[in-house]
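# Inside the fold
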Amino acid sequence: DEAPDCIREVPLSSLHGRKIAVDASMAIYQFLIAVRSGGPNSAAMMLTNADGETTSHIQGIFNRTIRFITEGIRPVYVFDGKP
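Residues numbered from 1 in each chain as written. Predicted model: local features only at pLDDT ≥ 70, side-chain atom pairs only at ≥ 80, totals over all residues. Heavy atoms only, no water.

### Notes on the overall build of the protein chain
In terms of helices and strands, the protein chain carries two helices and two strands. Written out in order from the N terminus, the α and β elements of the protein chain read β-α-α-β. Relative to its 83 residues, the protein chain shows a buried fraction of 19%. In the protein chain, the share of contacts with a sequence separation of at least 24, taken over all contacts with a separation of at least 6, comes to 64%. Carbon together with sulfur atoms contributes 55% to the accessible area of the protein chain, which is approximately 6,900 Å² in total. (Helix = DSSP H or I, 4+ residues; strand = E, 2+ residues; numbered from the N terminus. Buried < 20%, exposed > 50% of the residue type's maximum accessible area, 1.4 Å probe, protein only. Contact = heavy atoms within 4.5 Å. Areas by Shrake-Rupley, 256 points an atom, 1.4 Å probe, with all protein chains shown as cover.)

### So, the nonpolar core
Taken as a class, soluble globular proteins show a tendency for nonpolar side chains to be buried jointly. In this structure, Leu15, Ile20, Val22, Ala27, Phe31, Ile61, Phe68 and Ile73 together form the largest nonpolar core, which totals eight residues. In this structure Phe31 touches His57, Gly60, Ile61 and Arg64, once residues within four positions along its chain are discounted. (Core = buried A, V, L, I, M, F, W, Y, C linked by side-chain atoms within 4.5 Å.)

### Focus on the packing of helix H1 (residues 24-36) against helix H2 (residues 56-70)
The relative placement of two packed helices comes down to the angle between their axes together with the axis-to-axis distance. Relative orientation of the contacting elements H1 and H2 amounts to 120 degrees, with a least axis distance of 8 Å. With respect to each other, H1 and H2 are oriented oblique. Where H1 crosses over H2, the handedness of that crossing is right-handed. Listed contacts from H2 to Ala27, Ile28, Gln30, Phe31, Leu32 and Val35 of H1 are Ser56, His57, Gly60, Ile61 and Arg64. Of the residues belonging to the contact of H1 with H2, the class tally is six nonpolar, four polar and one charged. (Axes fitted to C-alpha atoms, helices over the stretch in contact; angles between N-to-C directions. Parallel < 35°, antiparallel > 145°, perpendicular 65-115°, else oblique. Left-handed = near helix turned anticlockwise from the far one by under 90°. Nonpolar A, V, L, I, M, F, W, Y, C, P; charged D, E, K, R; others polar.)

### A look at H2
For H2, spanning 15 residues, the distance from its first C-alpha to its last is 21 Å, which sits close to the expected 21 Å at 1.5 Å a residue. Every buried residue of H2 is accounted for by Ser56, His57, Gly60, Ile61, Thr65 and Phe68. Each element contacted by the buried residues of H2 is listed here: strand E1 (19-23), H1 and strand E2 (74-78). Phi turns positive one or two residues past the end of H2, at Gly72, with a value near 80 degrees. (Expected span 1.5 Å × (residues − 1).)

### Here's the deal with the environment of Leu15
Mapping Leu15 onto the fold places it in the segment before E1. With relative accessibility at 19%, the residue Leu15 sits in the buried group. Separated by 56 residues in the primary sequence, Leu15 and Glu71 have C-alpha atoms spaced 8.0 Å apart. Ignoring anything within four residues of it in the chain, the contact list for Leu15 reads Val10, Ile20, Gly72 and Ile73.

### Here's the deal with the confidence of the model for the protein chain
Scored by pLDDT, the protein chain has a mean of 86; 89% of the residues are at 70 or more. H1 is the least confidently modelled element of the protein chain, averaging 86 in pLDDT, while E2 averages 97, the highest of any element. (pLDDT = per-residue confidence, 0-100.)

Right, here's the structure in full:
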């Protein structure tokens, strides 16, 4: 509210040849929420491993990374807090 011009949307193609920082925690959370909010007939489907643990967020991060690389963007995933 205090700085409405601090965030702007740009076409992905305008970032070609650059490194971008991605908040890893928010990206993972975004994919988990997107899959969980899908209805039974939704295209979003929960992916799991052999133990039944959710892995949809890993596939989402992988797909986004591939898209960035395809656009000539080098993503740097940033994790904050204690390891």
